[in-house]
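Analysis of the macromolecular model
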Amino acid sequence: MKPAPFEYARPGTLAEALSLLAEDDARPIAGGQSLVPLLALRMTAPKLLVDISRLSELKGIDIKPEGIRLGALTRWCDVLNHPQLAAHHPLLVEAIGHVAHYQIRNRGTVGGSCSHADPSAEMPAVAVTCEAQFEIASMRGMRIVPAEEFFLGILTTTLEPDELLVAIRLPHWPAGRRYAFQEFARRTGDFAIAGCALFWDEADGRCISPHVGVFGVADTPLRLPTVEATLTDHPVTPGLIAKAADLAQESVVPHGDLHAPAAYRSALMRVMVERALSSAAATLPGEAA
Amino acid sequence: MTDVAISLQVNGRPVEASIEPRLTLAGLLRRQLRLTGTHLGCEHGVCGACTVIVDGAAVRSCLMFAVQADGAEVVTIEGLALGDDLSPLQQAFRKNHALQCGFCTPGILTTMHALLSEEPDPTEERIRDVLSGNICRCTGYLPIIKAVLEAAGAYRKESRL
């Protein structure tokens, strides 16, 4: 047995779970697809694991006119197999298609991925790009945190030890919105070396309210405000795409690591932004990128 | 640490166990139930060798604690054969040389059994995407894809019954 010993509890209600999480050195586990490797490598060794995987309060995908609410226990396979989600949030469904592998998608959850906060993960990137709101609960009450303030660094979030992410709210996605998701990984299902999620609305052929997010290139997913400002109110032409991609590369200085030196990652990010912009500009509204 | 009592079904048989919470499902299957057909490769969710089927879904048994399988129905590689006869999927693997050293084979068979049970008519592209969760260092994957495509017919017949 590789993990250090721990106690285990499987509460029947959210209230019980929050009370257990308020105990010293407790951590929640759901699908366990990120946490179990950390436990096996003994990068973490909590005293108590609180198994939230059967809490009905944290399940369900609600599609409403104001947006989509994903219960924290929504698994990747739930997103991919949902009959209406691709029509109501095509960017989300396309991005989740890149998450890990078949077996992991059967257990991994949106709440787990965001709480784990790997800087190369898809769900945090979509949440930041789309200005998602995170519902966070504890014995002390409920708070709502914008995605951009939720992620603080590598594997670090604003969650306090007694807090639990219970749902992710994505704002309404209007029909006809242009979007794209691009990432590059050496092998299918690996974490991306660099990636880009973006969307914009269009009026009279001009780009309105662009949201450009990149991931895998910094300690958290990032929006690129200078790139967005450059695109705003202009037709997205090949010339503008090249300019925006250059700006993206200038505005982020990635770290190098085992998987890619900094210069390679930087160049790759430029390519991802350029491909995403070109693909979104070429796709007719309503069609998949 | 406090042991936890669990009960589950493994390959159709009821199992009761009292286990340390840190025991993975793979550990329960291999060490306590002696079902050593489930292989452990990387033990952190990368290689796919330990894949088993929990409540119909292919999952990595190294990334799930046995306590989390309390009440579940688990199918391992030992549960695929029909008595002494190989299942149609296993026969197709044998016929197409879809295994060599055999270390990855149990994980690939359970994965593909789960896939074909849910999607009895997958495209080659779909099979390749799903197979990307299992590492095989011998075959080069092509005979595996051929075997799965060939076995799919048996699952289509089954779903028509």
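In this text, all values refer to a predicted model and were calculated from it rather than measured experimentally.

Here the focus is the overall build of chain B. If you tally the helices and strands in chain B, you get 5 helices and 5 strands. Each helix and strand of chain B, ordered N terminal to C terminal, gives the series β-β-α-β-β-β-α-α-α-α. Rg of the C-alpha trace for chain B: 16 Å, near the compact-globule value of 15 Å for 161 residues, within the 12% margin. Expressed along its principal axes, the backbone C-alpha trace of chain B runs to roughly 50 × 35 × 25 Å. Across the 161 residues in chain B, those meeting the buried criterion constitute 48%.

It is worth spelling out the overall build of chain A at this point. What chain A contains, in helices and strands, is 12 helices and 14 strands. Scaling as 2.2 N^0.38, a compact globule of 289 residues should have a C-alpha radius of gyration of about 19 Å, and chain A matches this with 19 Å. If you line up chain A on its principal axes, its C-alpha atoms span 60 × 45 × 35 Å. Burial status across chain A gives 47% buried among its 289 residues. Within chain A, contacts between residues separated by at least 24 positions form 61% of all contacts whose residues are at least 6 apart in sequence.

What follows deals with the domain arrangement of chain B. Residues and elements named next belong to chain B. Here the domain parsing of chain B yields domain 1 (4-79) and domain 2 (88-160). Its C-alpha centre places domain 1 at a distance of 21 Å from the equivalent point of domain 2. Taken residue by residue, the interface counts 15 residues in domain 1 and 12 residues in domain 2. Residue assignment for the side of domain 1 that touches domain 2 shows that the elements contributing at least two residues are β3 (51-54) and β4 (57-60).

What follows concerns the domain arrangement of chain A. Along its sequence, chain A is organised into domain 1 (7-51), domain 2 (59-171) and domain 3 (178-282). Using only C-alpha atoms to locate each centre, domain 1 of chain A and domain 3 of chain A end up separated by 36 Å.

The subject of this paragraph is the interface of chain B and chain A. Taken together, the contacts link 26 residues of chain B with 24 residues of chain A. Contributing elements (two or more residues each) for the side of chain B that touches chain A: β4 and α4 (124-131) of chain B. Here the side of chain B that touches chain A takes 4 residues from β4(B), the largest share from any one element.

Residues and elements named next belong to chain A. Of all 8 residues that make up strand β10 (residues 164-171), 7 are buried, and the element is covered over most of its length. The pairing of strand β6 (residues 133-138) with β10 spans 5 bridges and is classified as antiparallel. Bridging from a neighbouring strand, Q133 pairs with R169 of β10.

Residue and element names in this part refer to chain A. Judged by pairing direction, the sheet is parallel, and its 3 strands sit side by side in the order β1-β3-β2 without closing on themselves. Only two strands of the sheet have a single neighbouring strand rather than two, namely β1 (7-9) and β2 (26-29). Mean inter-strand twist for the sheet, computed between neighbouring axes without regard to direction, equals 25°. Against the sheet, helix α1 (residues 14-21) touches β1, β2 and β3 (48-51), its axis set at about 165° to β3.

Time to look at helix α12 (residues 262-282) of chain A. Between its first and last C-alpha, α12(A) extends 30 Å over 21 residues, near the 30 Å set by a 1.5 Å rise per residue. Tucked inside the fold, the buried residues of α12(A) contact β11 (178-184), β12 (194-203), β13 (206-215) and α11 (238-251) of chain A.

This part is about unusual backbone geometry. Residues and elements named next belong to chain B. In this structure, D55 takes a positive phi of about 50° despite not being glycine. Following the sequence through the fold, D55 ends up in the loop between β3 and β4. You will see that H97, though not glycine, has its phi angle at about 55°, which is positive. Mapped onto the elements of the fold, H97 is located in the loop between α2 (88-95) and α3 (105-118).

Looking now at the sheet that holds strand β14 (residues 222-223) of chain A. Pairing is antiparallel in the open sheet, where 4 strands are placed in the order β11-β12-β13-β14 (chain A). Whereas interior strands pair on both sides, the edge strands pair on one side only; in this sheet they are β11 and β14 of chain A.

In this section: the packing of α11(A) against α12(A). All names here are of chain A. Between α11 and α12, whose axes approach to 9 Å, the crossing angle comes to 150°. The handedness of the crossing between α11 and α12 is right-handed. Between α11, through I241, A242, A244, A245, A248 and Q249, and α12, the contact on the second element is made entirely by S266, M269, R270, V273, E274, L277, S278 and A281. In the contact of α11 with α12, the residues fall into 9 nonpolar, 3 polar and 2 charged.

Before going further, it helps to examine α4(B). Given 3.6 residues to a turn, an α-helix orients residues that are three or four positions apart in the same direction. All of the buried residues along α4(B) are I127(B), V130(B) and L131(B). End-on, the buried residues of α4(B) take up no more than an arc of 95°, which puts them together on one face.

Here we come to the pairing of strand β7 (residues 141-146) of chain A. In terms of burial, β7(A) is a largely surface element, 0 of the 6 residues being buried. The antiparallel hairpin formed by β6(A) and β7(A) contains 2 residues in its connecting segment.

Bringing the environment of E125(B) into the picture now. Topologically, E125(B) is positioned in helix α4. Expressed as a C-alpha distance, the spacing of E125(B) and I145(B), which sit 20 residues apart in the sequence, is 9.6 Å.

Now for the nonpolar core. Residues and elements named next belong to chain A. If you look at the biggest cluster of nonpolar residues, it comprises 139 residues, and the most contacted ones within it are L198 and V273. Per element, the largest residue contribution to this core is 7 residues, and it comes from α12. Not counting chain neighbours up to four residues away, the residues in contact with V273 comprise C196, V214, A244, A245 and A248.

All names here are of chain B. Two numbers describe how α2 lies on α3: the axes approach to 10 Å, and their chain directions differ by 125°. Comparing the axis directions of α2 and α3 gives the class oblique. In this structure, α2 crosses over α3, and the sense of that crossing is right-handed. Taken together, the residues of α3 that come into contact with α2 (itself represented by L89, Q90 and F93) are L109, M112, H113 and L116. The residue makeup of the contact of α2 with α3, split by class, is 5 nonpolar, 2 polar and no charged.

Analysis parameters
Residues numbered from 1 in each chain as written. Chains lettered and ligands numbered in written order. Predicted model: local features only at pLDDT ≥ 70, side-chain atom pairs only at ≥ 80, totals over all residues. Helix = DSSP H or I, 4+ residues; strand = E, 2+ residues; numbered from the N terminus. Rg over C-alpha atoms; globule rule 2.2 N^0.38 Å. Buried ≥ 20, exposed ≤ 12 C-beta atoms within 10 Å, placed from the backbone. Contact = placed C-beta atoms within 7 Å. Domains from an automatic or database assignment. Pairing = 2+ DSSP bridges. Axes fitted to C-alpha atoms, helices over the stretch in contact; angles between N-to-C directions. Expected span 1.5 Å × (residues − 1). Left-handed = near helix turned anticlockwise from the far one by under 90°. Nonpolar A, V, L, I, M, F, W, Y, C, P; charged D, E, K, R; others polar. Arc of directions from axis to C-beta. Core = buried A, V, L, I, M, F, W, Y, C linked by C-beta atoms within 7 Å. Parallel < 35°, antiparallel > 145°, perpendicular 65-115°, else oblique.

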